[in-house]
Amino acid sequence: MNERAFLNVEASLTGRRWVGPEPETVRLSEAMAQTTRLPLALCEVLVTRGVTPDTASAYLAPALRDLLPDPMGLRDMEPAAQRFITALTRRERIAIFADYDVDGGSSAALLLVWLREMGHRATLYIPDRIDEGYGPNVPAMQALAAAHDLIICVDCGTLSHEPIAAAQGADVIVLDHHLGGETLPKALAVVNPNRQDEDGSLAHLCAASVVFLMLVDVNRRLRLDGIKGPDLMGLLDLVALATVADVAPLIGVNRAFVRQGLKVMARRDRVGLRALADVARMDQAPTPYALGFLLGPRVNAGGRIGQADLGARLLATADEAEAQALAQRLDELNSERRDIEAAVRAAALAQAEERGLDGPLVWAAGKGWHPGVVGIVAARLKEATNRPAVVIGLEDGIGKGSARSVTGVDLGAAVQRVASEGLLLKGGGHKMAAGLTVAEDHLEAAMARLGELLARQGAGLGGPADLRLTGLLAPGAASLDLVENLESAGPYGASSPAPRFAFADVAVQSRRIGDQHLRLSFTDGMGAKIEAIAFGAFDSPLGPALDNPGHQRFHLAGKLELNSYGGRTKVQLRLEDAARAG
């Protein structure tokens, strides 16, 4: 490895090598700062996004009107929108079949709220994760078809050939984003940017965004007939929540969806999200972090270990009392989920370590592991090992699992390939996440084959992930103005990580918070002092090393944020790593 480690940190306290910006990035950033008069730290972020001085202004103010794609650019959009309008005007019976996660719940809520504002009610159906599993199933689709004229499958359905064929007597529309197969189910319309016959330009959309685009087209068609549809901008809080929680890349129109959706959410108009924010003790304006780590897990909790439709009902309700009751129940379920997850995580990590963490795939399977938490545990294994991970719960000879990938490795395609070869009972997903069902006696062979396919994509070649740093800051430069400027290049999330800065050779003071966390303050001796928070520090080497630093000085790395408390707003570093200086 020829590249010199940033600040000469070859192995940090967490075992990572620090990597700074490329010389060309530094050169372009300095040139942009001179041309645009923007702060150098902001220019460093923009350059890594491929932004030029000419496009900087547009990037910093993403406008939905400029970035929103033409809904008709998606195949089957016309028949889907027209059939939806027909069902509305004829007062037909509509059922919405949704996945049990945040994207599915948000997608269902978009349709339920839109229809309610048009004076039309629809049936919500979300399958039980344990009893029915993911996606449409034959008994459910037969029952829905017997009582409805139109079934809309959201965030599912693209691979559901047999269940959709079983929906005799009803038309079926699929609004999805999961990877499509070589053939599509015989639905009236399958609108999915990840169909194999799409060009991939909108592959980053989540299902709620696909639903939103259909509603854009429906509103346009209604407007041509002199009918005013509901305000779609007011629905963007649901699109933003789904986009962040489903870890969709924050690029292109997704940036505008989330940026605008956060503004809508900050108004606290939606009673369900307001109630959920209150039980989650959100006391600041919503951020992508809050959507991904405070609201999203609670919406998901019903589908994971409780009643599958609780999250969608919360997002769709207009009743204050119902919203508060649902939010309270989801908060309780989320606490239960944490306890279950902790037990499964410990067992899965021990098993994976025994099997070995140096291959292209990390996996674990166990009897009685709750299928509602295997996805979260897979994500934890992936983060800990920098490798694709699969975690499977076994019951009566059948394993149901979830998989999470690392950047640059298409996990969904690999899982789909293993399923097509007969080693999985079923499987599919997208690049970063997938689900699968496997017979227990095929488990070892299926995981070995999946590992082979992932190795061909380069999985498992590295050790712990390098820590990539945007640049170096002095504590005195980390001002409120700088953080607000950096926020203008957001929102940050998947495929658009928040800038991460290093602070060199600082003196640290710290105090432990609870069992796992650490609060710090640090200074370079030039007068400025910054506070920092290290969540889960004592789950890593960071806590013990920084708890009583004495006279030892450190290099610190993390992400800057604003912390408002007691009417005051201060800059805070969310600490991710540290290394001993000198």
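The preceding data block contains the structure.
Read on for a plain summary of the structure. These figures come from a predicted structure and were not determined experimentally. (Residues numbered from 1 in each chain as written. Predicted model: local features only at pLDDT ≥ 70, side-chain atom pairs only at ≥ 80, totals over all residues. Heavy atoms only, no water.)

**Quick notes on the overall build of the protein chain**
Turning to step 1, where the next piece is worked out: From N to C terminus, the protein chain includes 20 helices and 18 strands.
Turning to step 2, where the next piece is worked out: Taken over the C-alpha trace, the protein chain has a radius of gyration of 24 Å; the compact-globule value for 582 residues is 25 Å, and the two agree within 12%.
Turning to step 3, where the next piece is worked out: Each principal axis of the C-alpha atoms in the protein chain carries an extent, and together these give about 75 × 60 × 45 Å.
Turning to step 4, where the next piece is worked out: Contacts spanning at least 24 positions in sequence make up 64% of the contacts within the protein chain whose residues lie at least 6 apart.
Turning to step 5, where the next piece is worked out: For the protein chain, the exposed surface amounts to about 24,900 Å²; the carbon and sulfur share of it is 50%. (Helix = DSSP H or I, 4+ residues; strand = E, 2+ residues; numbered from the N terminus. Rg over C-alpha atoms; globule rule 2.2 N^0.38 Å. Contact = heavy atoms within 4.5 Å. Areas by Shrake-Rupley, 256 points an atom, 1.4 Å probe, with all protein chains shown as cover.)

**Points about the side chain of Asn300**
Turning to step 1, where the next piece is worked out: On the secondary structure map, Asn300 appears in helix 13 (residues 288-305).
Turning to step 2, where the next piece is worked out: The buried category is assigned to Asn300, whose relative accessible area is 10%.
Turning to step 3, where the next piece is worked out: Those residues within four positions of Asn300 in sequence are excluded, and the remaining contacts are Tyr100, Asp101 and Val102. (Buried < 20%, exposed > 50% of the residue type's maximum accessible area, 1.4 Å probe, protein only.)

**Description of the pairing of strand 11 (residues 433-439)**
Turning to step 1, where the next piece is worked out: Here strand 11 lies mainly inside the structure; 6 of its 7 residues are buried.
Turning to step 2, where the next piece is worked out: When strand 10 (residues 426-429) meets strand 11, the two strands line up antiparallel, connected through 4 bridges. Directly across from Gly427, in strand 11, lies its bridge partner Leu436.
Turning to step 3, where the next piece is worked out: Linking two consecutive strands that pair antiparallel, namely strand 10 and strand 11, is a turn of 3 residues. (Pairing = 2+ DSSP bridges.)

**Overview of unusual backbone geometry**
Turning to step 1, where the next piece is worked out: Here the amide bond leading from Gly490 into Pro491 is cis, since omega sits at 0°, within 30 degrees of zero.
Turning to step 2, where the next piece is worked out: With respect to the helices and strands, the residue Pro491 is situated in the loop between helix 19 (480-487) and strand 14 (501-513).
Turning to step 3, where the next piece is worked out: For Asp76, which is not glycine, the phi torsion reads 70° and is therefore positive.
Turning to step 4, where the next piece is worked out: Relative to the helices and strands, Asp76 is located in the loop between helix 4 (64-67) and helix 5 (77-89).
Turning to step 5, where the next piece is worked out: Even without a glycine there, the phi angle at Asp155 is positive, about 60°.
Turning to step 6, where the next piece is worked out: Checked against the element boundaries, Asp155 lands in the loop between strand 4 (150-154) and helix 8 (161-165).
Turning to step 7, where the next piece is worked out: Exposure remark for Asp155: the relative accessible area of 0% places this residue in the buried category.

**Some details on the state of the cysteines**
Turning to step 1, where the next piece is worked out: Taken as a whole and assessed by the stated rule, the structure comprises 0 disulfides.
Turning to step 2, where the next piece is worked out: With no disulfide of its own, Cys153 lies closest to Cys156 among cysteine sulfurs, the gap being 5.0 Å. (Disulfide = S-S within 2.5 Å.)

**Section: the pattern of salt bridges**
Turning to step 1, where the next piece is worked out: Taken as a whole, this structure holds 33 salt bridges when the rule is applied.
Turning to step 2, where the next piece is worked out: For Arg93, the salt bridge is made with Asp149, and the minimal N-O distance between the two is 3.3 Å. Within this pair, whereas Arg93 is found in the loop between helix 5 and strand 2 (94-98), its partner Asp149 is found in the loop between helix 7 (138-147) and strand 4, the two being separated by 56 residues in sequence.
Turning to step 3, where the next piece is worked out: Overall, the relative accessible area of 23% leaves Asp149 in the partly exposed class.
Turning to step 4, where the next piece is worked out: With a shortest N-O distance of 3.2 Å, Arg268 and Asp278 are connected by a salt bridge. With Arg268 in the loop between helix 11 (253-266) and helix 12 (271-279) and Asp278 in helix 12, this residue pair connects regions lying 10 residues apart in the sequence.
Turning to step 5, where the next piece is worked out: For Asp278, a relative accessible area of 44% puts it in the partly exposed group. (Salt bridge = Lys/Arg side-chain N within 4 Å of Asp/Glu carboxyl O.)

**Structural notes on the nonpolar core**
Turning to step 1, where the next piece is worked out: If you look at the biggest cluster of nonpolar residues, it comprises 84 residues, and the most contacted ones within it are Met214 and Leu215.
Turning to step 2, where the next piece is worked out: Per element, the largest residue contribution to this core is 10 residues, and it comes from helix 9 (residues 207-224).
Turning to step 3, where the next piece is worked out: Every residue in contact with Met214, bar those within four places of it in the chain, is listed here: Met77, Ala80, Ala81, Phe84, Leu111 and Leu175.
Turning to step 4, where the next piece is worked out: Formed by 42 residues, the second largest nonpolar core is a distinct cluster that contains Leu60, Ala489, Val506 and Phe554. (Core = buried A, V, L, I, M, F, W, Y, C linked by side-chain atoms within 4.5 Å.)

**Some words on helix 7**
Residues three or four positions apart in an α-helix share a direction because the helix packs 3.6 residues into each turn.
Turning to step 1, where the next piece is worked out: Among the residues of helix 7, Ala140, Met141, Leu144 and Ala145 are the ones counted as buried. All buried residues of helix 7 project into a common sector of 125° when viewed along the axis, lining one side. Exposed and facing more than 90 degrees away from the buried side of helix 7 are Pro139, Ala143 and Ala146.
Turning to step 2, where the next piece is worked out: Lining the buried residues of helix 7 we find strand 2, strand 3 (123-125), strand 4, helix 8 and strand 5 (171-175).
Turning to step 3, where the next piece is worked out: Looking at where helix 7 begins, the residue whose side-chain oxygen comes 2.9 Å from the main-chain nitrogen of Ala140 is Asn137. (Arc of directions from axis to C-beta. Polar contact = N/O pair within 3.5 Å; in protein donor to acceptor, adjacent residues only side chain to side chain.)

**Remarks on the pairing of strand 7 (residues 362-367)**
Turning to step 1, where the next piece is worked out: Burial within strand 7 is extensive, with 5 of its 6 residues counted as buried.
Turning to step 2, where the next piece is worked out: Bridge count for strand 7 against strand 8 (residues 389-395) is 6 bridges, and the pairing is parallel. Of the residues in strand 8, the one forming a bridge with Lys367 is Leu394.
Turning to step 3, where the next piece is worked out: Each parallel crossover has a hand, and the one from strand 7 via helix 16 (residues 374-385) to strand 8 is right-handed. (Right-handed = clockwise from strand over helix to strand, strands pointing away.)

**Re the packing of helix 17 (residues 411-420) against helix 18 (residues 443-456)**
Turning to step 1, where the next piece is worked out: Viewed as axis vectors pointing N to C, helix 17 and helix 18 meet at an angle of 135°, and their least axial separation amounts to 10 Å. Taken together, the axes of helix 17 and helix 18 are oblique relative to one another. Relative to helix 18, the crossing made by helix 17 is right-handed. Along the contact surface, helix 17 presents Leu411, Ala414, Val415, Arg417 and Val418, while helix 18 presents Ala446, Arg449, Leu450, Leu453 and Leu454. (Axes fitted to C-alpha atoms, helices over the stretch in contact; angles between N-to-C directions. Parallel < 35°, antiparallel > 145°, perpendicular 65-115°, else oblique. Left-handed = near helix turned anticlockwise from the far one by under 90°.)

**A look at the packing of aromatic side chains**
Turning to step 1, where the next piece is worked out: Summed over all chains, the structure comprises 5 aromatic pairs.
Turning to step 2, where the next piece is worked out: Ring plane angle 25° and centroid distance 4.9 Å describe the contact between Tyr289 and Phe293, whose orientation is recorded as stacked. With a gap of 4 residues between them, Tyr289 and Phe293 both fall in helix 13, about one helical turn apart.
Turning to step 3, where the next piece is worked out: The side chain of Arg512 reaches across the aromatic face of Phe538, ending 3.6 Å from its centre. (Phe/Tyr/Trp six-rings, centres within 6.5 Å; stacked < 30°, edge-to-face > 60°. Lys NZ or Arg CZ within 6 Å of the ring centre and 35° of its normal.)

**Considerations on the sheet that holds strand 4**
Turning to step 1, where the next piece is worked out: Ordered in space as 3-2-4-5-6, the 5 strands form an open sheet in which the pairing is parallel. Strands with a single pairing partner mark the edges of an open sheet, and in this sheet they are strand 3 and strand 6 (189-191). If you compare each strand with its neighbour and ignore which way they point, the axes differ by 15° on average.
Turning to step 2, where the next piece is worked out: Pairing between strand 5 and strand 6: 3 bridges, direction parallel. The partner of Ile173 across the bridge, within strand 6, is Ala189.

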